[in-house]
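Reading the structure
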Amino acid sequence: MKNEINEAHEAGEDMPDPSVKREVVIPGEIIVSGEDFLPGEGARRLGENIVAMRFGLSEELGRVVRVIPLFGAYLPRRNNVIIGRVTDITFHGWLIDVDYASSAFLPIEESPRFVNKN
């Protein structure tokens, strides 16, 4: 069965880059030192050091250092592929249960093809 998820998986888009260095860090731990790096999500600068703000995996992507949380609530972002259950149909789209505190809304404009209303 061909779809966008299978095609992305076959193309290797979801595969992590082996050159990216990841290490487990705890809050307050110094990840890198120096003015050459910029803090990303889950990290902040204290003086010349980039410090972890949460428990997770530190990741250096170029000059940006971020921390990927190991547990906690999932925060979906644009272009993420998620699985959900349609709970309600509205005039402008669908309400979807994604096992989160609130339901997601999928606008009808995001549908890639004709939708039969029956």
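Quick summary incoming for the structure in this document. Only a predicted model underlies this, so the values are computations on that prediction, with no experimental measurement involved.

Within the protein chain, the secondary structure is distributed over one helix and ten strands. When its helices and strands are written in sequence order, the protein chain yields α-β-β-β-β-β-β-β-β-β-β. Within the protein chain, counting contacts between residues at least 6 apart in sequence, those at least 24 apart form 35% of the total. With the model as given, the accessible surface of the protein chain reaches about 9600 Å², and the carbon-plus-sulfur share is 55%.

With that settled, consider a nonpolar patch on the surface. A cluster of nonpolar residues, Val24, Ile26, Phe55, Leu70 and Phe71, forms a patch on the protein surface that exposes about 490 Å² of accessible area. On the secondary structure map, Ile26 appears in the loop between strand S1 (22–25) and strand S2 (30–33).

A full pass over the atoms with the stated rule returns one aromatic pair. A centroid spacing of 6.0 Å and a plane angle of 40 degrees characterise the contact between Phe55 and Phe71, whose relative ring orientation is tilted. Linking Phe55 in the loop between strand S5 (49–52) and strand S6 (56–61) with Phe71 in the loop between strand S7 (64–69) and strand S8 (85–89), this pair joins segments that are 16 residues apart in sequence. Using a relative accessible area of 62% as the deciding quantity, one classes Phe71 as exposed.

This next bit is on the environment of Ile30. Turning to its location among the elements, Ile30 is positioned in strand S2. Spatially, the C-alpha atoms of Ile30 and Met53 are 9.9 Å apart, while their sequence positions differ by 23 residues. Sequence-distant contacts of Ile30, that is, excluding residues within four places in its chain, are made with Asn49, Ile50 and Val51.

With that out of the way, let us pick up the sheet that holds strand S4 (residues 43–46). Sheets are built from strands that pair by backbone hydrogen bonding, the pairs being arranged parallel or antiparallel. With antiparallel pairing, three strands are arranged side by side in an open sheet as S2-S5-S4. Lying at the two open borders of the sheet, with one neighbouring strand each, are S2 and S4. Neighbour to neighbour, the strand axes of the sheet diverge by 30 degrees on average, direction disregarded.

Using the criterion set out here, one finds four salt bridges in the structure. Across the pair Arg22 and Glu59 runs a salt bridge, and its minimum N-O distance is 2.5 Å. Remark: Glu59 occurs in strand S6 and Arg22 occurs in strand S1; sequence separation between them is 37 residues. One salt bridge connects Asp97 with Arg85, and the closest N-O pair in it is separated by 3.4 Å.

Core analysis: the largest hydrophobic core is formed by eight residues, namely Val25, Ile31, Val32, Ala43, Ile50, Ala52, Val65 and Val67. Ignoring any residue separated from it by four or fewer positions in sequence, one finds Ile50 in contact with Glu29, Ile30, Ile31, Val32, Phe37, Leu38, Pro39, Ala43, Arg44, Arg45 and Val65.

In this section: the environment of Gly62. Of note, Gly62 is situated in the loop between S6 and S7. Classification of Gly62 as exposed rests on a relative accessible area of 65%. The sequence separation of Gly62 and Asp36 amounts to 26 residues, and the corresponding C-alpha distance is 10.0 Å.

The strand order S8-S9-S10 describes an open sheet built from three strands, whose pairing is antiparallel. Both outer strands of the open sheet, S8 and strand S10 (104–107), are each paired with one neighbouring strand and no more. Ignoring strand direction, the axes of neighbouring strands in this sheet form an average angle of 35 degrees. Where S8 lies against strand S9 (residues 93–97), four bridges are found, and the strand directions are antiparallel. Note on S9: the bridge partner recorded for Ile89 is Trp94.

Rules behind the numbers
Residue numbering note: each chain is counted from 1, following its sequence as written. Given that the model is predicted, a residue must reach a pLDDT of at least 70 before its local features are reported, and side-chain atom pairs must reach 80 or more before they are shown or counted; all residues, however, enter totals for whole chains, interfaces and linings. Processing note: side-chain calculations cover all non-hydrogen atoms of the structure and skip hydrogens and water entirely. Going along the chain from the N terminus, every DSSP run of H or I of four or more residues is numbered as a helix, and every run of E of two or more is numbered as a strand. Contact between two residues is taken to exist if any of their heavy atoms lie within 4.5 Å; hydrogens are not considered. Note on areas: Shrake-Rupley with a 1.4 Å probe; residue coverage comes only from the protein chains shown. Surface patches are drawn from residues lacking salt bridges whose relative accessible area is over 30%; two like charges belong together within 9 Å, two nonpolar side chains (Val, Leu, Ile, Met, Phe, Trp, Tyr) within 5 Å. Salt bridges are identified by distance alone: a Lys or Arg side-chain nitrogen within 4 Å of an Asp or Glu carboxyl oxygen. Put simply, two rings from Phe, Tyr or Trp (the six-membered ring, in Trp's case) pair if the centres are within 6.5 Å, and we call them stacked under 30 degrees between planes, edge-to-face over 60, tilted for the rest. Accessibility here uses a 1.4 Å probe with only protein chains present; expressed as a share of the type maximum, an area under 20% marks a residue as buried, one over 50% as exposed, and anything in between as partly exposed. Any two strands are treated as partners once DSSP identifies two or more bridges connecting them. Axis angles are defined between N-to-C directions and span 0 to 180 degrees, where every axis is a line fitted to C-alpha atoms and, for a helix, only to the segment in contact. In these notes, a set of buried Ala, Val, Leu, Ile, Met, Phe, Trp, Tyr and Cys residues joined through side-chain atoms within 4.5 Å is what counts as a nonpolar core.

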